[in-house]
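# Examining the three-dimensional arrangement
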Amino acid sequence: MDLIVTDDYDALSRAAAERIADLIVTKPTASLVLATGETPIGAYRELAATLRQRRADVSRLRVFQLDEYLDLEPDDRRSLFGWMARTVLDPLGVPLANVVRLDANAPDLAAACRAYDAAAAAGGFDLAVLGLGPNGHLGFNEPPAPPDAPTRAITLTEASVASNGPYWGGADQVPHRAITAGMSVLLAARQTLLLVSGARKRQILRRVVEEPATPDVPASFLQRAANVTVFADREAWPSPPPARAANPSAGRSA
Ligand code: F6R
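The present account deals with the structure reproduced in this document. Note that the structure is a prediction, hence the values are computed from the model and not measured.

Thresholds, definitions, all that
- Residues numbered from 1 in each chain as written.
- Predicted model: local features only at pLDDT ≥ 70, side-chain atom pairs only at ≥ 80, totals over all residues.
- Heavy atoms only, no water.
- Axes fitted to C-alpha atoms, helices over the stretch in contact; angles between N-to-C directions.
- Helix = DSSP H or I, 4+ residues; strand = E, 2+ residues; numbered from the N terminus.
- Parallel < 35°, antiparallel > 145°, perpendicular 65-115°, else oblique.
- Left-handed = near helix turned anticlockwise from the far one by under 90°.
- Contact = heavy atoms within 4.5 Å.
- Nonpolar A, V, L, I, M, F, W, Y, C, P; charged D, E, K, R; others polar.
- Buried < 20%, exposed > 50% of the residue type's maximum accessible area, 1.4 Å probe, protein only.
- Near = heavy atom within 4 Å.
- Polar contact = N/O pair within 3.5 Å; in protein donor to acceptor, adjacent residues only side chain to side chain.
- Areas by Shrake-Rupley, 256 points an atom, 1.4 Å probe, with all protein chains shown as cover.
- Core = buried A, V, L, I, M, F, W, Y, C linked by side-chain atoms within 4.5 Å.
- Phe/Tyr/Trp six-rings, centres within 6.5 Å; stacked < 30°, edge-to-face > 60°.

Following both chains from N to C, one finds helix α2 (residues 41–53) and helix α3 (residues 80–92) inclined at 15 degrees, their axes separated by 8 Å at the closest point. On the basis of their axis angle, the class for α2 and α3 is roughly parallel. Every pair of crossing elements has a handedness; the one defined by α2 and α3 is left-handed. Residues Ile41, Tyr44, Leu47, Ala48, Leu51 and Arg52 of α2 lie in contact with α3, whose contacting residues are Trp83, Thr87, Val88, Pro91 and Leu92. Of the residues belonging to the contact of α2 with α3, the class tally is nine nonpolar, one polar and one charged.

Below is the structure:
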């Protein structure tokens, strides 16, 4: 696990966008799984500009949805697919036919989750772009989540309902159930970027990077995954203190 600390959120967004763009330019047929949420919005904005500048071909990318709320009507503004379309798919120009969705309206959710895992396992993810929940969740793999957890329906913890409340006008507006890509397919990604910004993520980030991996902090299992880079701004990883991270390469500044 590599930790790159940037001066601020804008620098974090630029650095992450560069990494994602490098992969897309090198492998235009790459499979990506992309988080929604606030943190990656800046990186996606930068990425759209960078890809235009580099005249990259996005027509053959494959993009997997990371998570989706349950119990919504298909056109509900709270759908995470809608968020993903607005913040990344449309700005990049990724054809919707190339998106593997988590089908929250499938008559048989368990079968839909198995189909997603099969599609993900077929080629594997070249890149996972993830955010960090204040409770240590990855996607909606709420704690406790073991590293072999499959794609599945879950109930949000109260902590996640509360932290997502501001996005939807209050905690009472947040759906309580979701489906999430499983820990198992996420941890198998060939490259992972974990984007972490802001003081409210400070404590949980230290647990992710420095403490032994535990189902109580699902993101801590990234310590065991291949080719993981944590991009944190100084708010999230103040300097000092010096990092004594899970991997000796951690603690670099950008
Ligand atoms: C979003 C997702 C979540 C968020 C996490 C951090 O698709 O799966 O795991 O990445 O809750 O959210 P922000 O970035 O809004 O702090």
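A few words on the environment of Gly133. Along the chain, Gly133 falls in the loop between β6 (127–131) and β7 (152–155). By relative accessible area, Gly133 is classed as buried at 2%. In this structure, the C-alpha to C-alpha distance between Gly133 and Met1, residues 132 residues apart in sequence, is 18 Å.

As a matter of local geometry, the ligand sits amid 15 residues, with Thr36, Thr39, Asp67, His137 and Tyr167 nearest to it. Within the backbone of Glu38, an N or O atom sits 2.8 Å from an oxygen atom of the ligand. Here Thr39 contributes a side-chain N or O atom positioned 2.4 Å from an oxygen atom of the ligand. Protein contact buries 95% of the 410 Å² of open area that the ligand shows by itself.

With respect to the element layout, Gln191 can be found in the loop between α6 (183–187) and β9 (192–196). Taking the relative accessible area as the measure of exposure, Gln191 reaches 13% and is therefore buried. The residues touching Gln191, leaving out its near neighbours within four places in the chain, are Arg19, Asp126, Leu127, Ala128, Ala226 and Asn227.

This part is about the nonpolar core. Membership of the largest hydrophobic core comes to 77 residues, with the highest contact counts inside it found for Leu89, Phe125, Leu194 and Leu205. The element best represented in this core is helix α1 (residues 9–26), accounting for seven residues. Non-local contacts of Leu89, meaning those with residues more than four positions away in its chain, are made with Val63, Phe81, Met84, Val94, Leu96 and Val99. If you look at the next biggest cluster of nonpolar residues, it comprises eleven residues, including Tyr69, Phe140, Ile154 and Ala178.

Counting across every chain of the model gives six aromatic pairs. With a centroid separation of 5.6 Å and 90 degrees between ring planes, the pair formed by Phe64 and Tyr116 is classed as edge-to-face. Of this pair, Phe64 sits in strand β3 (residues 62–65) while Tyr116 sits in helix α4 (residues 109–123), placing them 52 residues apart in sequence. For Phe64, a relative accessible area of 1% corresponds to the buried category. For the ring pair Tyr69 and Trp168, a centre distance of 6.5 Å and an interplane angle of 80 degrees mean the geometry is edge-to-face. Of the two residues, Tyr69 is situated in strand β4 (residues 67–69) and Trp168 in helix α5 (residues 158–168); the sequence distance between them amounts to 99 residues. Relative accessible area serves as the criterion here: at 2%, Tyr69 is assigned to the buried category. Among the aromatic residues, those joined into a cluster by ring pairs are Tyr69, Trp83, Phe140, Tyr167 and Trp168.

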